[in-house]
Amino acid sequence: MGKSGCSFILLELLLLQCLISLGQGYDFFYFVQQWPGSYCDTKRSCCYPTAGKPAANFTIHGLWPNYNNATYPSNCNKNSPYDGTKVSDLFSRLEVSWATLACPTNNGTKFWSHEWEKHGTCSESVLDQHSYFEATLNIKDKVNLLHILEAAGIRPDDNFYKVEDIKEAIKAGTGYDAAVECNSDPSRNGQLFQVYLCVDASAKDLIECPVLPKRKCKSSIQFPIF
Ligand code: AMP
């Protein structure tokens, strides 16, 4: 094949790649985990789910499609409402790893349907409802944030830790930079609230974030007991 034939194939491949990424409608995911002790320790109250008090572990907030330019799509398909019958085989895993803390006490359906309808529908061209929840649970199982932090001596013991040390521990444990989001308890202490890591568009592997969300924290923050 001549040189021009090769460049034509290359061009076609580039075009195909471009069309695929246009079709999927997002560039990567934020995988957001939350410390339940911080969710519950704000002025806003929390309620344990019907299944009972969640274990003292990070839980999933969501898997959010995002663009490289720091914006994100939302509520992408009104015709694709959350349907529990499609994920009923995942309920026991969802109850443990994607626990609701909203009041009044409920089984999680409201939280999961919010996350599917606002975020999941925007990656539906790649992940149907079952794949979306299953892929998120699988990432959670791969990234044991509590274990990673504890290995660095950072424990949910009400003590204060430097945000920089928390980020460094996550980098050492996962290989990737994370963003940390804080909240304030009623005495205005900054607390470790959510951790953002990035995941490739097929929701399989962690990647370096194309753009890290800007979240402000005090330099030293509490890791509250839960
Ligand atoms: P999002 O719109 O995906 O950014 O999520 C924000 C919504 O999720 C808010 O309505 C929060 O109250 C809710 N939310 C966040 N964490 C939890 C949780 N652990 N349980 C129930 N709802 C939550």
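Reading the values: the criteria
- Residues numbered from 1 in each chain as written.
- Predicted model: local features only at pLDDT ≥ 70, side-chain atom pairs only at ≥ 80, totals over all residues.
- Heavy atoms only, no water.
- UniProt positions renumbered as here; feature names shortened; annotations may be inferred.
- Helix = DSSP H or I, 4+ residues; strand = E, 2+ residues; numbered from the N terminus.
- Contact = heavy atoms within 4.5 Å.
- Polar contact = N/O pair within 3.5 Å; in protein donor to acceptor, adjacent residues only side chain to side chain.
- Salt bridge = Lys/Arg side-chain N within 4 Å of Asp/Glu carboxyl O.
- Buried < 20%, exposed > 50% of the residue type's maximum accessible area, 1.4 Å probe, protein only.
- Near = heavy atom within 4 Å.
- Areas by Shrake-Rupley, 256 points an atom, 1.4 Å probe, with all protein chains shown as cover.

## Structural notes on the UniProt feature "active site" (unreviewed entry) in the chain
Now for step 1: UniProt records the feature "active site" (unreviewed entry) for His61, Glu115 and His119 in the present numbering. For the annotated residues, spread through 59 residues, the largest C-alpha to C-alpha distance comes to 11.2 Å, consistent with a single compact locus.
Now for step 2: Here Glu115 lies in helix H4 (residues 109-118).
Now for step 3: Look past the residues within four positions of Glu115 in its chain and what remains in contact with it is His61, Gly62, Trp64, Trp98, Gly120 and Tyr132.
Now for step 4: Looking at Glu115, its side chain comes within polar contact range of the side chain of His61, at 3.5 Å.

## Observations concerning the pattern of salt bridges
Now for step 1: Applying the stated criterion across every chain yields a total of five salt bridges.
Now for step 2: Put simply, Arg93 and Asp141 hold a salt bridge, and the shortest N to O gap is 2.9 Å. Linking Arg93 in helix H3 (residues 91-97) with Asp141 in helix H5 (residues 129-142), this pair joins segments that are 48 residues apart in sequence.
Now for step 3: Owing to a relative accessible area of 52%, Asp141 belongs among the exposed residues under this scheme.
Now for step 4: A salt bridge links Asp205 to Lys142, with the shortest nitrogen-to-oxygen separation between them at 3.7 Å. Of the two residues, Asp205 is situated in the loop between strand E5 (190-199) and strand E6 (206-207) and Lys142 in helix H5; the sequence distance between them amounts to 63 residues.
Now for step 5: For Asp205, a relative accessible area of 43% puts it in the partly exposed group.
Now for step 6: Connected through shared salt-bridge partners, Lys171, Asp177 and Glu208 make up one network.

## Looking at the site of the ligand
Now for step 1: Neighbouring the ligand are 13 residues, the closest being Gln34, His114, Glu115, Lys118 and His119.
Now for step 2: A distance of 2.8 Å is found between a nitrogen atom of the ligand and a side-chain nitrogen or oxygen belonging to Gln34.
Now for step 3: Here an oxygen atom of the ligand sits 2.7 Å away from a polar atom, N or O, in the side chain of Lys118.
Now for step 4: Alone, the ligand offers 500 Å² of accessible surface; in the complex the protein occludes 74% of this.

## A word on unusual backbone geometry
Now for step 1: Cis peptide bonds are those with omega within 30 degrees of zero, and the linkage from Cys103 to Pro104 qualifies with -5°.
Now for step 2: Along the chain, Pro104 falls in the loop between H3 and H4.
Now for step 3: The backbone of Asp158 sits at a positive phi, close to 75°, despite the residue not being glycine.
Now for step 4: Turning to its location among the elements, Asp158 is positioned in the loop between helix H6 (145-151) and strand E3 (160-162).
Now for step 5: Exposure remark for Asp158: the relative accessible area of 34% places this residue in the partly exposed category.
Now for step 6: Despite not being glycine, Ala203 shows a phi value in the positive range, around 65°.
Now for step 7: Secondary-structure assignment places Ala203 in the loop between E5 and E6.

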